[in-house]
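# Results of the structural survey
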Amino acid sequence: MPQTPSGSPARTGDVLLMVGTTKGAFLFSSRSGRGSWEADGPHFPGEEVYALALDQRGGAPTLWAAPGSPFFGATLRRSDDLGATWSDKDARSVRFEEDSGLSLQRIWQIRPGPADEPDLMWLGVEPTCLFESRDGGDSWAPVRGFLEHEHRQYWQPGNGGLCMHTIVPHARDRDRMLVAFSTGGVYGTDDGGASWTPRNNGVRAEFMPDKHPEFGQCVHKVVHHPERPERLFLQNHWGLYRSEDWAASWDDIANGVPSDFGFAMAMHPHDPDTVYIVPLESDEFRCTPEAKLRVYRTRDAGASWQALSKGLPQEDAYETVLRDGLDTDSLEPAGIYFGTRSGHVYASADDGDSWTTVADGLPPVVCVKAAVVA
Amino acid sequence: MSRATEVPRVRIVLPSQLRDLTGERPVVTVAAGVSVATEASVAETFQSLRAEYPGVYERIFTETREVRPHINIFVDGADIRWSGGLETPVAPGSEIVVLPAVSGG
């Protein structure tokens, strides 16, 4: 059994890089120069960790993780000391009601709410549903308007399961939120979660007879910048899109990328025109094109894309970066981070212009989240 | 309650991963069902376990009251998949064994 982790030594101002794998979570910390990294882990050895988050709204940081045992199911755990200790694994607070006909398979997303509501949080789970907590994560309930949606019977799982992987609360209007799940696509509410409608106009579904159905798209990730809340970017199962009207319509922005298939997408922390993706070659092969590991960046909201490869392997790099495997920190210049299914983790401390290796030899990486410890 | 009307108890052997919920005991005894008048089933016996050892049931069963996919349950050595599932009868003195399956990667 691996050595028991002692918790991250990260202090105020350090970058905490949270890496979820199929065999546990690892915490890497670095001073703001981001030149070297101190590792801690694995936490939850043997359990998959698809969701991690650092919630700093309440003052002291709270680290959240969603480990899932292949035998005993998924749990939500919290740590108030950056992983030195974790809450009770048997507090199964995230559960469907026993007469719902649904059982929790996996927690895909942990989303703290707005800064002025520190007790409000959301989870995206599989089978697809949005859970909400209004007591800082002590208790959870499914958002009923989504749980009982009339389309539920038609939603179908993708290869990763019927997973809600994206939660986008509107930056200024508390009644508005978007979620995305595979397969179903983007859905939105304008009434605080009471009702939800599909928002997939313009997003294609290559695997359907009707390439532009109302819903059923296999959306892989949606990002946005709070300074420009009506604008969204979307990485689809085939297709790159931007919306300027809060998902009422979507326009193709796959301009000059080697493939518009991919999973991961991340928003620059300071520039609402800058987005990062990692294109993959076809939905059959699902590896980096030409065996070159390249992150692509747009600085003009998708009008053009630039390959970023300095420091990344450019030969025999058959890599896959999954939908939550790419993230940014909030520093200037921004730190960009990603992990691959073959267990490599890379970091850039200069907006993506150059890259260094944080870790090799990890289990398959399924989640990368970065934060500056407050 | 006299001995004649006591609900019989059965042994449940639990895997090491669940023993933190039983005071590190590998074997617990629970009521087999709710009365001596009715033949207990596996489902009823696990409801007794749920009442007597909170938390164990939720790690073995999903919210839809199904055994988790990679968990196996044996009654007196027989896998309940082929002996009646959760309706498999549990006789007084029976032993139930819970084991993680040989699966995963």
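Everything below is about the structure printed above this text.
A brief look at the structure comes next.

Reading guide: rules and limits
- Residues numbered from 1 in each chain as written.
- Chains lettered and ligands numbered in written order.
- Predicted model: local features only at pLDDT ≥ 70, side-chain atom pairs only at ≥ 80, totals over all residues.
- Heavy atoms only, no water.
- Buried < 20%, exposed > 50% of the residue type's maximum accessible area, 1.4 Å probe, protein only.
- Helix = DSSP H or I, 4+ residues; strand = E, 2+ residues; numbered from the N terminus.
- Pairing = 2+ DSSP bridges.
- 1 Å grid on protein atoms, 1.4 Å probe; cavity = no way out; pocket = protein on both sides within 12 Å on 5 of 7 lines; lining within 4 Å.
- Points joined across faces, edges and corners; volume = space filled by probe spheres on them.
- Nonpolar A, V, L, I, M, F, W, Y, C, P; charged D, E, K, R; others polar.
- Core = buried A, V, L, I, M, F, W, Y, C linked by side-chain atoms within 4.5 Å.
- Contact = heavy atoms within 4.5 Å.
- Axes fitted to C-alpha atoms, helices over the stretch in contact; angles between N-to-C directions.
- Buried area = accessible area lost by both parts, 1.4 Å probe.
- Salt bridge = Lys/Arg side-chain N within 4 Å of Asp/Glu carboxyl O.
- Polar contact = N/O pair within 3.5 Å; in protein donor to acceptor, adjacent residues only side chain to side chain.

With that settled, consider the pairing of strand β10 (residues 129–133) of chain A. Residue and element names in this part refer to chain A. Counting buried residues along β10, four of its five residues qualify, which places the element largely inside the surrounding structure. Two elements, strand β9 (residues 121–126) and β10, share five bridges in a ladder whose sense is antiparallel. Paired with Gly 124 across the bridge in β10 is Leu 130. Hairpin connection between β9 and β10: a loop of two residues separates the two successive antiparallel strands.

With that out of the way, let us pick up the layout of surface pockets. Residue and element names in this part refer to chain A. Estimated volume of the second largest pocket: approximately 720 Å³. Every residue lining the second largest pocket is counted, 28 residues in all, and those nearest its centre are Phe 44, Pro 45, Glu 47, Arg 77 and Lys 89. Listing elements by their share of the lining of the second largest pocket, those giving two or more residues are β3 (38–43) and β5 (62–69). The residue makeup of the lining of the second largest pocket, split by class, is twelve nonpolar, ten polar and six charged.

Take the nonpolar core next. By size, the foremost hydrophobic cluster in this structure holds 34 residues, and its most contacted members are A:Leu76, A:Ile107, A:Ile110, A:Leu123 and A:Leu130. The set of elements that each furnish at least two residues to this core consists of β4 (48–55), β5, β8 (106–112), β9, β10, α1 (144–147), β12 (163–169) and β13 (177–182) of chain A. The greatest single-element share of this core, amounting to four residues, is contributed by β9(A). Once residues within four sequence positions are removed from consideration, A:Leu123 is found in contact with A:Leu76, A:Val94, A:Ile107, A:Gln109, A:Ile110, A:Cys129, A:Leu130, A:Phe131, A:Trp140 and A:Ile167. With 26 residues, the next largest nonpolar core counts B:Ile12, B:Leu21, B:Tyr53 and B:Val75 among its residues.

A few words on unusual backbone geometry. All names here are of chain A. Looking along the chain, the bond that leaves Gly 41 and enters Pro 42 is cis, with omega of 5 degrees. Take Pro 42: it is sitting in strand β3. Here Glu 332 and Pro 333 are connected by a cis peptide whose omega angle stands at -5 degrees. With respect to the element layout, Pro 333 can be found in the loop between β24 (326–328) and β25 (336–339). Phi is positive for Phe 44, which is not a glycine, with a value near 55 degrees. Turning to its location among the elements, Phe 44 is positioned in the loop between β3 and β4. When its relative accessible area of 9% is taken as the criterion, Phe 44 is described as buried.

Residues and elements named next belong to chain B. In space, the five strands of this open sheet follow the order β2-β1-β7-β4-β5, with mixed pairing throughout. The open sheet terminates on both sides in strands that have one partner only, identified here as β2 (27–31) and β5 (78–79). Here five bridges tie strand β4 (residues 71–75) to strand β7 (residues 95–100), and the two strands are oriented antiparallel to one another. Within the sheet, the bridge partner assigned to Phe 74 lies in β7 and is Val 97. Where helix α1 (residues 42–52) meets the sheet, its contacts fall on β1 (9–13), β2, β4 and β7, and the angle it forms with β2 comes to roughly 110 degrees.

Summed over the entire model, instances satisfying the criterion amount to one cavity of 30 Å³ or more. Taken as a whole, the largest cavity holds about 50 Å³ of empty space. What lines the largest cavity is A:Ala74, A:Arg92, A:Val94, A:Arg95, A:Leu104, B:Glu63 and B:Arg68. Classifying every residue of the lining of the largest cavity gives three nonpolar, no polar and four charged.

Right, let's get into the pairing of strand β17 (residues 232–236) of chain A. Remember that side chains alternate between the two faces of the sheet whenever the strand is regular. Residues and elements named next belong to chain A. Most of β17 sits out of view: five of its five residues are buried. Of the pairings in the sheet, the one linking strand β16 (residues 219–223) to β17 comprises four bridges and is antiparallel in character. Its bridge partner lying in β17, Val 219 is registered against Asn 236. Two strands pair when backbone bridges link them, and β17 and strand β18 (residues 240–243) are joined in this way by four bridges, in the antiparallel orientation. Note that in β18 the partner of Leu 234 across the bridge is Tyr 241.

Below, the discussion takes up the interface of chain B and chain A. Taken together, the contacts link 19 residues of chain B with 15 residues of chain A. It is B:Arg59, B:Glu63 and B:Arg68 that lose the most area in chain B upon contact with chain A, and together they represent 39% of the buried surface on that side. Taken together, chain B and chain A are joined by two salt bridges. Across the chain B-chain A interface, the total number found is five residue pairs in polar contact (both at pLDDT 80 or more). Class assignment of the residues belonging to the side of chain B that touches chain A gives a composition of six nonpolar, six polar and seven charged.

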